[in-house]
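Next come the chains, spelled out residue by residue.
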Amino acid sequence: MHNIDIDLVEMTLDVMKYAINRITNVSPSLGEIKKEEELFEMVGETITPEGIGGEKAFQLFRDVLVKSTVPIDHPRHLAFVPASPTRAAVMFDLVTSASSIHGAYWMEGAGGIFCENQAMKWLISLTGMPKGAFGVFTSGGTAANLSAMVTAREHWRKQPANTGRKGLIITSVGAHSSIKAMAKVIDADVHLVETEDRLTGDLLLNEIRSLELEKRQRLFAVVATGGTTNAGIIDDLSGIADVCREEGLWYHVDAAYGGGALVADSVRHLFNGIERADSITIDPHKWLFSPYDCGAVLYKDPSLALEAHKQEGSYLDIFKDEGASGFNPADYQIQLTRRLRGMPLWFSLATHGTDKYKWAVERGISLANIAGELIESRPEVSLVRPPSLSCVLFRREGWEPARYREWTYKNHKEGIALVTPTLWKSEKGYETVLRFCFINPDTTEEDIRLILDTLRD
Ligand SMILES: *Cc1c(COP(=O)(O)O)cnc(C)c1O
């Protein structure tokens, strides 16, 4: 396709210019999401037999389409889990694409896989997992959770009594939606402990003890959360590790969002026990400043992942060759052909050093605490619970759910901020509340005040 007759140099310059402008624009417009018909009205049909030309297509993207997206790195985008990829990582994402490397097997991707593995070694060191532990980068937390669950289930089914048995996973209400979704993929059932607050070893043990025998026999794994998506709550990882050991269960820690905080000295102790996990999910595209998409799955014993995931085929036999020997990422997760999506993280880590990551994550935690203090100092808002990691849940006194939604749309429309409501489950039932999640270290106290000001009458 390289020979297609376009002015490649000019096109490349246009694209590079756009990329440079975008990554140096620290506070782009918050974007306005339009309906598909409206967008079609504005750009028309773009795929035609003759092509509309790169210049035209790029212009449509730059001047129309990208404006109907939300820049997730905006300092006042505090909804869901935002992101804030470093410039080094974004630029290296371009390099990753330009390099056209197949990331499945060492035979083809050695130098690139070496980069990924350097970054992985650092992730492993953050967790404190024992010698021999290792992992791979995935498309995200969902794929990482799935890869870990497949590994756990295959390991469990090696026992003759479990062959063909439908598995059961135990987790809590605070767990991420992907756990239930991926349990469907592997046709396992999920038993939920009815708490959105911290899951403790005692709670878990009580729940396991109260399972009927048939369910207990199908139970093969526990999923604890290292930083719930909704509230930043870290389960009792050490207590849960004890229970898993005593009960002979696979121990998975989903730290897709919270895993980045392993680098932060101020909260690291809250994760004690994570080093005893059989598998861990961490999303570098959440709190480790990587561009989308980049997740990671870490295993205490990677040979179990290899048994579960290695694909066999005559066309793949060559990869067993001596000359091809090395680490094959395809063998440890669900995907075969894969982008070397750990490379941008590697380049950014190599560029900035790990201390910079420590600083940037600590900044997110400080911002949550600053927001907590500001909220407490204002009469019209109150904290639902103390800030945890970089999440803050708070309420606007006297507001019904509809008011929260209107407020969200209005602030987005006016380009002030994107902050969305969520539900918090307490003994009193579900309450609609507001939620901040801080990732971008460039968010300021002024940004927070500006948002809180819009909650006054
Ligand atoms: C975001 C998240 C996931 C899903 O990760 P994706 O990268 O969106 O697939 C899983 N678990 C937790 C705790 C998360 O916060």
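The structure presented is a predicted model; accordingly, all values stated were derived computationally and were not measured. (Residues numbered from 1 in each chain as written. Predicted model: local features only at pLDDT ≥ 70, side-chain atom pairs only at ≥ 80, totals over all residues. Heavy atoms only, no water.)

## Details of the packing of aromatic side chains
Under the defined criterion, the tally for this structure stands at 14 aromatic pairs. Their ring planes at 10° and their centres at 4.9 Å tell us that Phe 327 and Tyr 332 sit as a pair that is stacked. Look at Tyr 332 and you get buried, because its relative accessible area is 13%. Seen from their ring centres, Phe 394 and Phe 436 are 4.8 Å apart, and the 45° between their planes marks the pair as tilted. (Phe/Tyr/Trp six-rings, centres within 6.5 Å; stacked < 30°, edge-to-face > 60°. Buried < 20%, exposed > 50% of the residue type's maximum accessible area, 1.4 Å probe, protein only.)

## Overview of the site of the ligand
Taken together, the neighbourhood of the ligand is formed by 13 residues, with Gly 141, Thr 142, Asp 254, Asp 283 and Lys 286 sitting nearest. Take Asp 283: an N or O atom from its side chain is 2.6 Å from an oxygen atom of the ligand. A total of 390 Å² of accessible area belongs to the ligand in isolation, and the protein chains cover 86% of it. Going through the elements one at a time, α6 (141-157) and α11 (284-287) are the ones with two or more residues in the shell around the ligand. (Near = heavy atom within 4 Å. Polar contact = N/O pair within 3.5 Å; in protein donor to acceptor, adjacent residues only side chain to side chain. Areas by Shrake-Rupley, 256 points an atom, 1.4 Å probe, with all protein chains shown as cover. Helix = DSSP H or I, 4+ residues; strand = E, 2+ residues; numbered from the N terminus.)

## Here's the deal with the sheet that holds strand β1 (residues 134-138)
Spatial strand order, β1-β7-β6-β5-β4-β2-β3: 7 strands in an open sheet with mixed pairing. Two strands lie at the open edges of the sheet, namely β1 and β3 (189-193), each paired on one side alone. Sheet twist, expressed as the mean angle between neighbouring strand axes with direction ignored, is 20°. For strand β2 (residues 168-172) and β3, the ladder comprises 5 bridges, and the chain directions are parallel. In the strand pairing of β3, Ile 169 is matched with Val 190. Of the strands in this sheet, β2, β3, β4 (219-225) and β5 (250-255) touch helix α7 (residues 177-185), which is tilted by about 155° from β3. (Pairing = 2+ DSSP bridges. Axes fitted to C-alpha atoms, helices over the stretch in contact; angles between N-to-C directions. Contact = heavy atoms within 4.5 Å.)

## Details of the packing of helix α1 (residues 8-24) against helix α3 (residues 54-63)
Relative to each other, α1 and α3 sit at 10°, their axes nearing to 11 Å. Taken together, the axes of α1 and α3 lie roughly parallel to each other. Together, Met 11, Asp 14, Val 15 and Tyr 18 of α1 and Gly 54, Glu 55, Phe 58, Phe 61 and Arg 62 of α3 make up the contact between the two elements. Its residues assigned to classes, the contact of α1 with α3 comprises 5 nonpolar, 1 polar and 3 charged. (Parallel < 35°, antiparallel > 145°, perpendicular 65-115°, else oblique. Nonpolar A, V, L, I, M, F, W, Y, C, P; charged D, E, K, R; others polar.)

## Focus: the domain arrangement of the protein
Interfaces are frequently sized by the accessible area removed from exposure as the parts join. Considered domain by domain, the protein is made up of domain 1 (1-30 + 34-68), domain 2 (92-352) and domain 3 (354-453). Here the C-alpha centre of domain 3 lies 34 Å away from the C-alpha centre of domain 1. (Domains from an automatic or database assignment.)

## Section: the sheet that holds strand β9 (residues 391-396)
If you walk across this open sheet you meet the 4 strands as β8-β9-β11-β10, and the pairing is antiparallel. Each of the sheet's edge strands pairs with one partner strand only, and the pair in question is β8 (381-383) and β10 (421-426). Direction aside, the axes of adjacent strands within the sheet are offset by 50° on average. Relative to β9, β8 runs antiparallel, the two sharing 3 bridges. From the neighbouring strand, Ser 382 faces β9, where its bridge partner is Arg 395.

## Brief notes about the UniProt feature "modified residue: N6-(pyridoxal phosphate)lysine" (unreviewed entry) in the protein
The feature "modified residue: N6-(pyridoxal phosphate)lysine" (unreviewed entry), as annotated in UniProt, sits at Lys 286 in this numbering. Examined against the element boundaries, Lys 286 turns out to sit in helix α11. Other than its neighbours up to four places away in sequence, Lys 286 contacts Val 81, Pro 82, Ala 83, Ala 256, Tyr 257 and Ile 439. (UniProt positions renumbered as here; feature names shortened; annotations may be inferred.)

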